[in-house]
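Here's the letter readout for the chains.
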Amino acid sequence: MSVEGCTKCIKYMLFFFNFIFWLAGCVILGVSLWLRHDEKTSSLLALKFEGTEAPSTFYISVYILIAVGAVMMFVGFLGCYGAIQESQCLLGTFFACLVILFACEVAAGIWGYIHKDQISKDVIGFYDTVYDRGLQETIAEKKEAAAAVLKVFHESLQCCGKGQITSVISWATNLCSEPNLLKLNPDCHTKIKELFNDKIYLIGIAALVVAVIMIFEMIFSMVLCCGIRNSPVY
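Residues numbered from 1 in each chain as written. Predicted model: local features only at pLDDT ≥ 70, side-chain atom pairs only at ≥ 80, totals over all residues. Heavy atoms only, no water.

- Under an unreviewed UniProt entry, the name given to the chain is Tetraspanin, and the organism recorded is Ictalurus punctatus.

Here it is in structure tokens:
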């Protein structure tokens with residue numbers, strides 16, 4: 001190839017970072033597909049009760065992640081090919097794609113930080129709505145429908161109730177997987193927060209790692225592009 005010295009070193013470093021970037025895209029795509037089909041979240045977010053559905057905010061975030069993973073795989077491949085071919089056009093396109101992706105990631109990170117508790121709040125609100133309606137309902141069929149929805153929460157998260165033991169303990173006890181240990185079971189508010197917060201932290205760590213890789217790639221791609229332009233062969 002035409003570039004020599006430090007520029008040649010930058011070329012292979014860019015190829016290496018792009019390969020890592022491509023792998024990161026594969027990981028994000030895989031993790032997002034796992035989040036979409038995870039048994040716990042799927043069982044909870046598919047629930048319905050009297051026209052009220054579990055919030056879809058979490059799934060919207062997951063679909064965005066799937067798109068990001070796919071785009072990262074494409075951009076990573078573009079960067080690898082551009083580096084090996086020493087193509088200024090491909091490297092310029094690669095740099096532009098990185099800038100757009102980085103800007104989108106920063107914007108998504110800010111939005112996610114502001115709304116980091118919204119997903120769990122929405123699911124807790126749905127749980128409370130079903131729980132309260134079940135307590136107040138007098139029609140047996142509707143009460144059983146509410147109990148069926150709450151049972152999915154209790155069995156999936158190993159929780160029970162809202163953390164408030166009241167005079168209606170007999171109805172609440174029938175909904176719990178371990179009725180004799182009702183007071184020892186964690187309340188569902190706590191378990192819902194743990195479930196979604198753990199997943200959000202996982203997404204945040206992945207986004208931070210990818211952002212660092214992208215910064216290095218933008219620097220290396222510009223250095224390599226300048227090196228190719230200044231090369232005597234060109």
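That covers the picture; the talk isn't over yet.
**Let's talk about the packing of helix H5 (residues 118-136) against helix H8 (residues 188-230)**
Alright, step 1. Two elements in contact, H5 and H8, have axes separated by 9 Å at closest approach and are oriented at 150°. Compared by their axis directions, H5 and H8 come out roughly antiparallel. Like other packed secondary-structure pairs, H5 and H8 cross with a definite hand, here right-handed. Across the interface between the two elements, Ile119, Ser120, Val123, Ile124, Tyr127 and Asp128 of H5 pack against Cys188, His189, Ile192, Lys193, Phe196, Asn197 and Ile200 of H8.
Alright, step 2. Of the residues belonging to the contact of H5 with H8, the class tally is 8 nonpolar, 3 polar and 2 charged. (Axes fitted to C-alpha atoms, helices over the stretch in contact; angles between N-to-C directions. Helix = DSSP H or I, 4+ residues; strand = E, 2+ residues; numbered from the N terminus. Parallel < 35°, antiparallel > 145°, perpendicular 65-115°, else oblique. Left-handed = near helix turned anticlockwise from the far one by under 90°. Contact = heavy atoms within 4.5 Å. Nonpolar A, V, L, I, M, F, W, Y, C, P; charged D, E, K, R; others polar.)

**Examining the state of the cysteines**
Alright, step 1. For the coordinates displayed, the defined rule picks out 1 disulfide.
Alright, step 2. Across the disulfide from Cys159 sits Cys188; the S-S distance is 2.1 Å. Judged by the sign of its S-S torsion, about 85°, the cystine formed by Cys159 and Cys188 is right-handed. Taken as a pair, Cys159 in the loop between helix H6 (140-157) and helix H7 (169-174) and Cys188 in helix H8 lie far apart in primary sequence, 29 residues in all. This pair shows no difference in class: Cys159 is buried, exactly as Cys188 is. (Disulfide = S-S within 2.5 Å. Buried < 20%, exposed > 50% of the residue type's maximum accessible area, 1.4 Å probe, protein only.)

**Here we look at the packing of aromatic side chains**
Alright, step 1. Tallied over the full model, the rule gives 9 aromatic pairs.
Alright, step 2. On the numbers, 6.2 Å between centres and 20° between planes, the contact of Phe19 with Trp22 is stacked. You can see Phe19 and its partner Trp22 sitting in helix H1 (residues 5-37), 3 residues apart, about one turn around the helix.
Alright, step 3. Residue Trp22 is classed as partly exposed on the basis of its relative accessible area, which comes to 29%.
Alright, step 4. Where Phe77 meets Tyr81, the ring centres are 6.4 Å apart and the plane angle is 15°; that geometry is what we call stacked. Taken together, the residues span about one helical turn, with Phe77 and Tyr81 both in helix H3 (residues 57-85) at a distance of 4 residues.
Alright, step 5. We classify Tyr81 as partly exposed; its relative accessible area is 45%.
Alright, step 6. The structure contains a cluster of three or more aromatic residues connected by ring pairs, namely Phe16, Phe17, Phe216 and Phe220. (Phe/Tyr/Trp six-rings, centres within 6.5 Å; stacked < 30°, edge-to-face > 60°.)

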